[in-house]
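Here is how the chains run, residue by residue.
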There are 2 protein chains.
Amino acid sequence: MRVLYDLKNNYLQMKKYRMILLLAMLFPTVLLCGQTKYYDAAQFPLIGKITTQTETRYERLPAALKNECRPPVWNLGKNTAGLAIRFRTNSTSISAKWDLYENRYMNHMTATGIKGLDLYAWEKDHWQFVNTGRPDGKSNEKQIIANMTPTEREYLLYLPLYDGVTALSVGIDSTTTIQQPVLSFPETEKPIIVYGTSITQGGCASRPGMAYTNILERKLNKEFINLGFSGNGQLDYEIAEVMAKRHDAALFLLDFIPNVNTTQIKEKTAKFIGILRKENPETPILLVESVIFSHSVFDQSIEAIVAEKNSTLKAECDRLRKNGDKNIYYLPSHNFLGNDGEATVDGIHLTDLGFERFSEKLYQAIKKTLH
Amino acid sequence: MRVLYDLKNNYLQMKKYRMILLLAMLFPTVLLCGQTKYYDAAQFPLIGKITTQTETRYERLPAALKNECRPPVWNLGKNTAGLAIRFRTNSTSISAKWDLYENRYMNHMTATGIKGLDLYAWEKDHWQFVNTGRPDGKSNEKQIIANMTPTEREYLLYLPLYDGVTALSVGIDSTTTIQQPVLSFPETEKPIIVYGTSITQGGCASRPGMAYTNILERKLNKEFINLGFSGNGQLDYEIAEVMAKRHDAALFLLDFIPNVNTTQIKEKTAKFIGILRKENPETPILLVESVIFSHSVFDQSIEAIVAEKNSTLKAECDRLRKNGDKNIYYLPSHNFLGNDGEATVDGIHLTDLGFERFSEKLYQAIKKTLH
């Protein structure tokens, strides 16, 4: 009995020690895993900018334009549509702190799309959605994802579509490391530069990654530069000058029709394109018709206006081609948003459903244009 | 010359009189066309309610439940998810005035989805999106559509998904008429009653019409009753009692898994279904697995929890079938949201893209179940 008792006692004691040892080993890990260490995003590559010569890091237009372009265009340049941070980490969780420029509100777009963050990770052969940072105010601190395996991964963090970012840092488990990306995805050589309207800027995607330029960036794994200016894609020549300086552009995609009237199309399209052409005689230019707005099934006035503007653009395109421009392409609006009328939030601005459908049409057109 | 002069003079005078006459005829019409006359929506049919015995018109739960069910469930019953007004008019424009219960805000859903209105019209053989009423505050007055042909049409006006409505009126051109609907679309006989979570309630559709119960209502042209309670689809037996009283139900669709844990699934599923079965022994019941959350590709904890809950539901379903229930159906979560990870705003809540994909899967399952 004594032997048995001793054995049992020893066994229980051993089990107790083992448990204490295990807890002692785990404790610092658990403690440290629970801590988030932040790194200023300024040290990581930022993609989607037309130039680095900006007033602050997270904005779209060159500082030189401050007193040169129309004030609404300048202000919209502060919105970070299409900008994204690239980094690499083995952290099991990822957080972010970000301060907003305006803390803007709109009644037809989520705060997550207007002023949130959207994280993707590279998985084998594609960019996979991870999760969003949902904003609560002008200053935000949010855990985006947790409980991941401690695998070294490449990340792509999209910035807000309809607000600006004045400060940004990325948080990881304090025991892990964050580094420069190794992969050059999305490929930043020969970017695609997109000029346009509120739809181009991403209105009304539910989260930054669903703006069509960002969907296409992932789909083609190629840098897109978003020059969408809500309500202000009005063929401002200063913007054409800025675009023209990017001699490395693979394509200029022009999607401005909803923001101009027929007079403006006739007066400004050829001149705007002329500015691009002066320095980029061979670069493909893709002219995109206006989306047929969903409510135009019923609103006859809107239907007529859009039809007239689209045909005016077609005439301009034909004239440019006739005058010898062989690298100008045209995308008619047929079926951009499918045929069920369900792809917008307000007849005009695309939801994620609309952006998914529209980007598929653009994807096909871009592939054809580039080959 | 004199004759010619007289003739010309007469002609000019005649032209002048004709113009004055025309203006006099047009003036009141123009004046009246520009005016909107409002009609209290209380006089028009309201679809999507489980019972008419409610505290106020625009809410979901019977007044008798006020002190019977958990307070969060009662409060969510004030949200008008799935409710819609039916009317008929030949007006060229349609407006609405509506007052909200809470004037609620969420950072991952548009105000238009939370507390806006969404208008559809019957076109030949389907419900066609017209446009939304986008909210600005607790009291709203908005023109939803204008510039239509003065055609007599049937309309379906969806109410807010995540807020309540305390007053509602529909505005039309003051020269036109508004009437009771003639068509009985959506068919209100044998409604489909859906019980569930925030996703069921419509989180996070961009506009009311994109909640999956509303998509299916149009697609099947059959009344759906939405008993989705954000965070609170916890198999409350009081709700089963309310559902059980609808002996006319074509189908009970149960989609509650995201809001319960495995213990609750084991303890409450059979009892909840037992309450439905007591009064409806033959009515088909469709058990729906939880959506596989988009961020579970990375969040291993979420992935494991959802997998365990879904398999627990499957075991419950198998047991009920084994015990003789021949009218219980099961829908596994395979590919509910497609396979690109893009269908949610926050990993969990569906965007319009997610709802379009999910409702297609549910549509196929419901058609199979009902035949």
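Because the structure is a prediction, the values reported are computed rather than measured. (Residues numbered from 1 in each chain as written. Chains lettered and ligands numbered in written order. Predicted model: local features only at pLDDT ≥ 70, side-chain atom pairs only at ≥ 80, totals over all residues.)

J.: Just give me the short version of the sheet that holds strand S4 (residues 94-100) of chain A, but keep the residues and values in it.
T.: All names here are of chain A. Strand order in the open sheet made by the four strands is S1-S9-S4-S7, with antiparallel pairing throughout. If you trace the sheet from one side to the other, it starts and ends with strand S1 (36-40) and strand S7 (139-145), each paired once. With direction set aside, neighbouring strand axes in the sheet form an average angle of 25°. Strand direction decides the pairing type here: S1 and strand S9 (residues 165-173), joined by five bridges, are antiparallel. Note on S9: the bridge partner recorded for Tyr-39 is Val-170. (Pairing = 2+ DSSP bridges. Helix = DSSP H or I, 4+ residues; strand = E, 2+ residues; numbered from the N terminus. Axes fitted to C-alpha atoms, helices over the stretch in contact; angles between N-to-C directions.)

J.: Can you break down the environment of Gly-137 of chain B residue by residue, with the values?
T.: Residues and elements named next belong to chain B. The residue Gly-137 is located in the loop between strand S6 (126-133) and strand S7 (139-145) in this model. Look at Gly-137 and you get exposed, because 11 C-beta atoms sit within 10 Å. A C-alpha to C-alpha distance of 6.5 Å links Gly-137 and Asn-103, two positions 34 residues apart in sequence. (Buried ≥ 20, exposed ≤ 12 C-beta atoms within 10 Å, placed from the backbone.)

J.: Please set out the domain arrangement of chain A residue by residue, giving values where relevant.
T.: Think of interface size as the accessible area that goes away when the parts come together; that is how it is often given. Residue and element names in this part refer to chain A. In terms of domains, chain A is made up of domain 1 (37-179) and domain 2 (187-370). Placing a centre on the C-alpha atoms of domain 1 and another on those of domain 2 gives a separation of 24 Å. Residue assignment for the side of domain 1 that touches domain 2 shows that the elements contributing at least two residues are helix H2 (71-77), helix H3 (111-115), strand S5 (117-123) and strand S6 (126-133). The residue makeup of the side of domain 1 that touches domain 2, split by class, is 19 nonpolar, 10 polar and five charged. (Domains from an automatic or database assignment. Nonpolar A, V, L, I, M, F, W, Y, C, P; charged D, E, K, R; others polar.)

J.: Describe the nonpolar core, with residues and values.
T.: Nonpolar side chains in soluble globular proteins tend to end up buried together. Core analysis: the biggest nonpolar cluster contains 144 residues, and Ile-193 and Met-243 of chain A together with Ile-193 and Met-243 of chain B have the highest contact counts within it. Contact partners of Ile-193 of chain B, with chain neighbours within four places excluded, come to Ile-50, Ile-225, Leu-227, Met-243, Arg-246, Ala-249 and Phe-252 of chain B. (Core = buried A, V, L, I, M, F, W, Y, C linked by C-beta atoms within 7 Å. Contact = placed C-beta atoms within 7 Å.)

J.: Could you give me a rundown of the relation of the copies chain B and chain A, with the residues and numbers involved?
T.: Overlaying chain B on chain A yields an RMSD of 0.0 Å, the required transformation being a rotation through 180° with an accompanying axial translation of 0.0 Å. Here the two chains are linked by the operation of a two-fold rotation axis. An overlap of 100% is found between the interface residues of chain B and their copies at the interface of chain A, pointing to a shared contact surface. (Least-squares fit on C-alpha atoms with pLDDT ≥ 70 in both.)

J.: Describe in detail the interface of chain B and chain A, supporting the description with residues and values.
T.: Across the boundary between the two partners, chain B contributes 40 residues, which contact 40 residues of chain A. For the side of chain B that touches chain A, the secondary-structure elements that each account for two or more residues are helix H3 (111-115), S6, helix H8 (300-322) and helix H9 (352-370) of chain B. Of all the elements, S6 of chain B adds the most residues to the side of chain B that touches chain A, at five residues. Class assignment of the residues belonging to the side of chain B that touches chain A gives a composition of 15 nonpolar, 17 polar and eight charged.

J.: Give a description of the pairing of strand S9 (residues 165-173) of chain B that names residues and reports values.
T.: As paired elements, strand S4 (residues 94-100) of chain B and S9 of chain B share seven bridges and run antiparallel to each other. The residue bridging Ala-96 of chain B from the neighbouring strand is Val-170 of chain B, located in S9 of chain B.

J.: Before we move on, could you go through the packing of helix H9 (residues 352-370) of chain A against H9 of chain B and cite the residues and values that matter?
T.: Two elements in contact, H9 of chain A and H9 of chain B, have axes separated by 6 Å at closest approach and are oriented at 85°. Accordingly, the angle class assigned to the pair H9 of chain A and H9 of chain B is roughly perpendicular. Of the residues in H9 of chain B, those in contact with Asp-352, Leu-353 and Glu-356 of chain A of H9 of chain A are Asp-352, Leu-353 and Glu-356 of chain B. Tallied by class, the residues present in the contact of H9 of chain A with H9 of chain B amount to two nonpolar, no polar and four charged. (Parallel < 35°, antiparallel > 145°, perpendicular 65-115°, else oblique.)

J.: Can you tell me about the packing of helix H7 (residues 262-279) of chain B against H8 of chain B, naming the residues and giving the values?
T.: Residue and element names in this part refer to chain B. Packing of H7 against H8 leaves a shortest axis separation of 10 Å and a crossing angle of 30°. Classified by the angle their axes make, H7 and H8 are roughly parallel. Along this stretch, H7 crosses H8, giving a crossing that reads as right-handed. Contacts between H7 and H8 involve Thr-262, Ile-265, Lys-266, Thr-269, Ala-270 and Ile-273 from the first element and Glu-308, Lys-309, Thr-312, Leu-313, Glu-316 and Leu-320 from the second. A class-by-class count of the residues in the contact of H7 with H8 yields five nonpolar, three polar and four charged. (Left-handed = near helix turned anticlockwise from the far one by under 90°.)

J.: Give me helix H6 (residues 237-244) of chain B: which residues, what numbers.
T.: Three or more residues of H6 of chain B are buried, namely Ile-239, Ala-240, Val-242, Met-243 and Ala-244 of chain B. Residues of H6 of chain B that are buried make contact with strand S11 (187-196), strand S12 (222-228), strand S13 (251-255) and H7 of chain B.

J.: Give me the lowdown on the sheet that holds strand S12 (residues 222-228) of chain A, citing residues and values where you can.
T.: All names here are of chain A. Within the open sheet, the five strands sit side by side as S12-S11-S13-S14-S15. Their pairing is parallel. At either end of the open sheet lies a strand with only one pairing partner, and these are S12 and strand S15 (328-331). Here the strands of the sheet are splayed against their neighbours by 20° on average, with no regard to which way each runs. On the sheet, helix H6 (residues 237-244) packs against strand S11 (187-196), S12 and strand S13 (251-255) and is oriented at approximately 170° with respect to S11.

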